[in-house]
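Per-entry structural report
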Amino acid sequence: MKTSAQLKISILDMTYIALFAVVIAVCSWISIPALVPFTLQTFGVFVTVGALGGKRGSLAVLIYLLLGMVGIPVFAGFSGGIGHMLGATGGYIVGFLFSALAMWALEKIWGTRLPLLALSMVIGLLICYLFGTVWFVSVYTRNTGAIGFWSALTMCVVPYIIPDLLKIALALTVCKRLAKVLKLS
């Protein structure tokens, strides 16, 4: 039987997980116009895992994905649904979960010091890029015609590298400040 202190922690965890699933959704709706427009989805994922830790952060990302899968418009452009996730760019969305899980694994190995968190975010981003690009090539080839992996990288990853690295830098700043407020262990 759980004590009331343990129950409060569980309720607090669930509250943070739900709140940060919403943070990711709100970040996905924010579109920054540029030559290639981009959203703040990856920023939301990195802040979530960085602030909540690997376990809570991965659960928040999973809830975000499940909300989108059932049709709630939590993805970029206020979209949602399984069809969106199964589309050519759906692999990048699913890749968020693999990024979070990788960051959780690296947190277990390295700890949560800021330089190591930065490295885990970069590795998480690379995992998202890899998973999403392989998915893109598969879906694009099936629906449109053959496309090479390097062509897909040029189209789907290269334009986003600098903005994503800037999002990581911003996420690290936010995580450092949130760590003082949230006091999660």
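The structure reproduced in this document is the subject of the present report. The shown structure was predicted, so the numbers you read here are calculated from the model rather than taken from an experiment.

Attention shifts here to unusual backbone geometry. What you tend to see is this: most non-glycine residues have negative phi, and most peptide bonds are trans. Even without a glycine there, the phi angle at F78 is positive, about 55°. On the secondary structure map, F78 appears in the loop between α3 (54-69) and α4 (82-85).

A separate point is helix α2 (residues 41-52). When the terminal C-alpha atoms of α2 are compared, their 16 Å separation across 12 residues agrees well with the 16 Å that a helix rising 1.5 Å per residue should span. Burial analysis of α2 places 11 of its 12 residues in the buried class, which makes it a mostly covered element. For α2, the full list of buried residues reads Q41, T42, F43, G44, V45, F46, V47, T48, V49, A51 and L52. Remark: G53 follows α2 within two positions and exhibits a positive phi of approximately 90°.

With that settled, consider the pattern of salt bridges. Evaluated as defined, the whole model comprises 2 salt bridges. Between K167 and D164 there is a salt bridge, with its nearest N and O atoms 2.8 Å apart. Here the residue K167 and the residue D164 both occupy positions in helix α8 (residues 161-182), the gap between them amounting to 3 residues, near one helical turn. A relative accessible area of 6% means that K167 is categorised as buried. Relative accessible area serves as the criterion here: at 3%, D164 is assigned to the buried category.

What follows covers helix α6 (residues 114-143). When the terminal C-alpha atoms of α6 are compared, their 42 Å separation across 30 residues agrees well with the 44 Å that a helix rising 1.5 Å per residue should span. G145 occupies a position one or two residues after α6 and carries a positive phi of about 150°.

What follows is about the state of the cysteines. Inspection of every chain in the model, using the stated rule, returns 0 disulfides. C27 carries a free sulfur, and the closest cysteine sulfur to it, the one in C175, is 11 Å from it. A relative accessible area of 7% places C27 in the buried class. When its relative accessible area of 3% is taken as the criterion, C175 is described as buried.

Here we take up the packing of aromatic side chains. Two numbers describe a pair of aromatic rings. These are the distance of the centres and the angle of the planes. On inspection of all chains with the given rule, the structure shows 6 aromatic pairs. Their ring planes at 50° and their centres at 5.7 Å tell us that F131 and W135 sit as a pair that is tilted. Of the two residues, F131 and W135 are both situated in helix α6; the distance of 4 residues between them amounts to about one turn of the helix. With a centroid separation of 5.8 Å and 80° between ring planes, the pair formed by F149 and W150 is classed as edge-to-face.

Okay, the nonpolar core next. By size, the foremost hydrophobic cluster in this structure holds 47 residues, and its most contacted members are F20, F46, V61, Y64, L65, F96 and M121. Every element with two or more residues in this core is listed here: α1 (4-29), α2, α3, α5 (90-110), α6, α7 (149-156) and α8. Here this core gets 8 residues from one element, more than from any other, and that element is α6.

Before going further, it helps to spend a moment on the packing of α6 against α8. Packed helices, taken two at a time, are described by their axes: the angle between them and the distance between them. Relative orientation of the contacting elements α6 and α8 amounts to 145°, with a least axis distance of 10 Å. Both α6 and α8 take part in a crossing whose hand is right-handed. Across from L114, L117, A118, M121, V122, L125 and Y129 in α6, the residues of α8 making contact are I161, D164, L165, I168, A171, L172, C175 and K176. Of the residues in the contact of α6 with α8, the class split is 13 nonpolar, no polar and 2 charged.

With respect to the helices and strands, the residue V70 is situated in the loop between α3 and α4. You can call V70 exposed: its relative accessible area is 67%. Taking the C-alpha atoms as reference points, V70 and G87, separated by 17 residues in sequence, lie 15 Å from one another.

Quick notes on the rules
Residues numbered from 1 in each chain as written. Predicted model: local features only at pLDDT ≥ 70, side-chain atom pairs only at ≥ 80, totals over all residues. Heavy atoms only, no water. Helix = DSSP H or I, 4+ residues; strand = E, 2+ residues; numbered from the N terminus. Expected span 1.5 Å × (residues − 1). Buried < 20%, exposed > 50% of the residue type's maximum accessible area, 1.4 Å probe, protein only. Salt bridge = Lys/Arg side-chain N within 4 Å of Asp/Glu carboxyl O. Disulfide = S-S within 2.5 Å. Phe/Tyr/Trp six-rings, centres within 6.5 Å; stacked < 30°, edge-to-face > 60°. Core = buried A, V, L, I, M, F, W, Y, C linked by side-chain atoms within 4.5 Å. Axes fitted to C-alpha atoms, helices over the stretch in contact; angles between N-to-C directions. Left-handed = near helix turned anticlockwise from the far one by under 90°. Contact = heavy atoms within 4.5 Å. Nonpolar A, V, L, I, M, F, W, Y, C, P; charged D, E, K, R; others polar.

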